[in-house]
Each structure stands twice: as structure tokens, then as C-alpha cells.
Amino acid sequence: FPRYLSDFHEIERIGNGNFSCVFKVLNRIDGCMYAVKRSTKQLQKDIERRKALMEVQAMASLGSHQNIVRYYTSWFEDDHLYIQMELCEHSLSMSQSSKSYTEEEVLEALHQIAKALQYMHGRGIAHLDVKPDNIYVVDGIYKLGDFGCSSLLDKSLPIEEGDARYMPQEILNEQYDHLEKVDIFSLGVTIYELVRGSALPESGNNFMNLREGKMPLLPGHSMPFQNLLKVMMDPDPVRRPCANDIVKHPIFDRLGGSSKIK
Ligand code: ATP
Ligand code: MG
Ligand code: MG
């Protein structure tokens, strides 16, 4: 019977992705608010179902980390996949606000999302769609969400590339040898955009420069910070630091507060 309608009261639509709609809902049984993501397409083919299942399996196995959007449950209904997860009111999406962040603020975001990646990569999963839209903030805690492009590092399923604006050159060339380093590049671009305070254009010099390892300087920002971003976006994936190197980087010694918790 229709579980979505019987168990949830739909408050409003809060997101429209390429493959899904996301609703803010009240669970009638426990009285709490959640986000429910529903696939737009009916998943009838086996390969479509398997890829959709990769998203929930990634969320389910990672969702207990504080820097990853929490997962509750999922089910199929009329060939659509529903995913019930933590409701996150704010994202870092550049289209929603054009706030520019201070170096301290982005260092906090960088440290916390690097911890999420360290955790994922340690469990053999790459995210492959790291970008401001897919990072949420809940009570000062940054959380990585949208595992719709996630892949096992052993590439047992075909790769679904994330947003091309955040992808390194090797992915555009279909070279998938260092998938975890794709996330490092995308996180570098993400942080660069947040500091810059506006989204980089979809094409043009700025992006080419970043992909070619020629990062335009960020006036007023410290050299250690800029050097870290630059090496994260190195064209050679082998030279990029791994998530663990970033988490342990001395640049974060100057942060206080929540980043010291975990
Ligand atoms: P795309 O791949 O195009 O980025 P998608 O179909 O994979 O999109 P999501 O990014 O997961 O879908 O969700 C679409 C939008 O819904 C998000 O950009 C965001 O605005 C909103 N959203 C998703 N998950 C949540 C959540 N847990 N809490 C609040 N809003 C959310
Ligand atoms: Mg998304
Ligand atoms: Mg997605």
C-alpha cells in the first residue's frame, strides 16, 4: 500500500535534482521532520535499480558519521525509489546566496568535509559529485550529501560523472585510476568558489586555469591556504593529497571549536 502517503505528510518541495525531487515531510508516526528524496524516473531496468541502490547503500553504510547526511530508510513504491534522510535546512549552494566566506570559515568547512571523505574513502567509496550544492550546514556542522554518483573504488559499476564544472581533467578523459583523488580536486574547486564568493562560469579561462593547475591568486589569503588549494587541484591525481593528509594538515591547528571534536 502507498507508504509515502500513509506515513508522511508532505510539507513542501525543497529540491529538484536531475534525477529526483526532494520534499520536506513530517513523519506522522514519530512526529519529526525529514527530507524524502524520490527518483523522478521509474526504475524498471535492472541496471537503473542497481545504480539507484548504490546511492542508498553508500548512505546507509556511511550515514553514522557526523559530517555525512544521516540516512534513515528507503523503499521502492511504484518503481520509484524513496530515501528518507535527515532534513538539512541550508546548503552551501552558490545559487542560493552569494556570501563570500572568510578563510577561517572555509577552513572549517574544508576540514570537516575532508573528514567525511577520509571516512568514505577508507570504506572503499568515492563520492564523485562534491560541490557546494551537495554540502549542507546544520548547527555549524558541515555535511556531505547526495550520493547519487557514488562509486566503489573498484569501479564494479559504470561511473556516473558528477557536475562537470567540478571534475578534473582525468575524468573528462575517462581515466578512472584514482577515483578518490577526483573528490579531492572537486573539494578544492568547491572551497575556491566559496572563498571567491561566486560560482565560477561553466566554461572559460578560470576553469581551464584550475584544471591546468594555474590557480588565480586569492588576494588577502594566506599562502599556506592557497598552496593547499593549489595542490588539491593539481592536474596529476597522484600529486594531490589524500583526504587523510588534508585532515592532518597543520593549517587546521589554528581552528578552535567543533573541528577538534572528532
Ligand atoms: P543532482 O545530482 O542534480 O545534484 P540529485 O537528483 O542527485 O541532484 P540531490 O542533490 O540529492 O538530488 O537533491 C536535490 C536538491 O534537494 C538539493 O540540491 C537540495 O536543495 C535538496 N536536498 C537534498 N537533500 C536534502 C536534505 N537532506 N535536506 C534538505 N534539502 C535537501
Ligand atoms: Mg545534488
Ligand atoms: Mg545527485
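Check the entry above for the structure.
Residues numbered from 1 in each chain as written. Chains lettered and ligands numbered in written order. Predicted model: local features only at pLDDT ≥ 70, side-chain atom pairs only at ≥ 80, totals over all residues. Heavy atoms only, no water.

Asks: I'd like a rundown of the site of ligand 1, residues and numbers included.
Replies: Taken together, the neighbourhood of ligand 1 is formed by 19 residues, with Ser20, Lys37, Glu86, Cys88 and Asp146 sitting nearest. Within the side chain of lysine 37, an N or O atom sits 2.6 Å from an oxygen atom of ligand 1. Taken by itself ligand 1 offers 610 Å² of open surface, and the protein chains cover 88% of this. Counting only elements with at least two residues in the shell around ligand 1, the list comes to β1 (8–16), β2 (20–27) and β3 (33–39). Among the residues making up the shell around ligand 1, the classes are represented as nine nonpolar, five polar and five charged. (Near = heavy atom within 4 Å. Polar contact = N/O pair within 3.5 Å; in protein donor to acceptor, adjacent residues only side chain to side chain. Areas by Shrake-Rupley, 256 points an atom, 1.4 Å probe, with all protein chains shown as cover. Helix = DSSP H or I, 4+ residues; strand = E, 2+ residues; numbered from the N terminus. Nonpolar A, V, L, I, M, F, W, Y, C, P; charged D, E, K, R; others polar.)

Asks: Describe in detail the sheet that holds strand β6 (residues 90–91), supporting the description with residues and values.
Replies: Read from one edge to the other, the open sheet built from three strands follows the order β6-β8-β9, with strand pairing classed as antiparallel. Looking at the sheet topology across the chains shown, the edges are occupied by β6 and β9 (141–144). Pairing between strand β8 (residues 135–138) and β9: four bridges, direction antiparallel. Its bridge partner being in β9, tyrosine 136 is matched across the sheet by lysine 143. Against the sheet, helix α3 (residues 103–122) contacts β8 and β9, and its axis sits at roughly 40° relative to β9. (Pairing = 2+ DSSP bridges. Contact = heavy atoms within 4.5 Å. Axes fitted to C-alpha atoms, helices over the stretch in contact; angles between N-to-C directions.)

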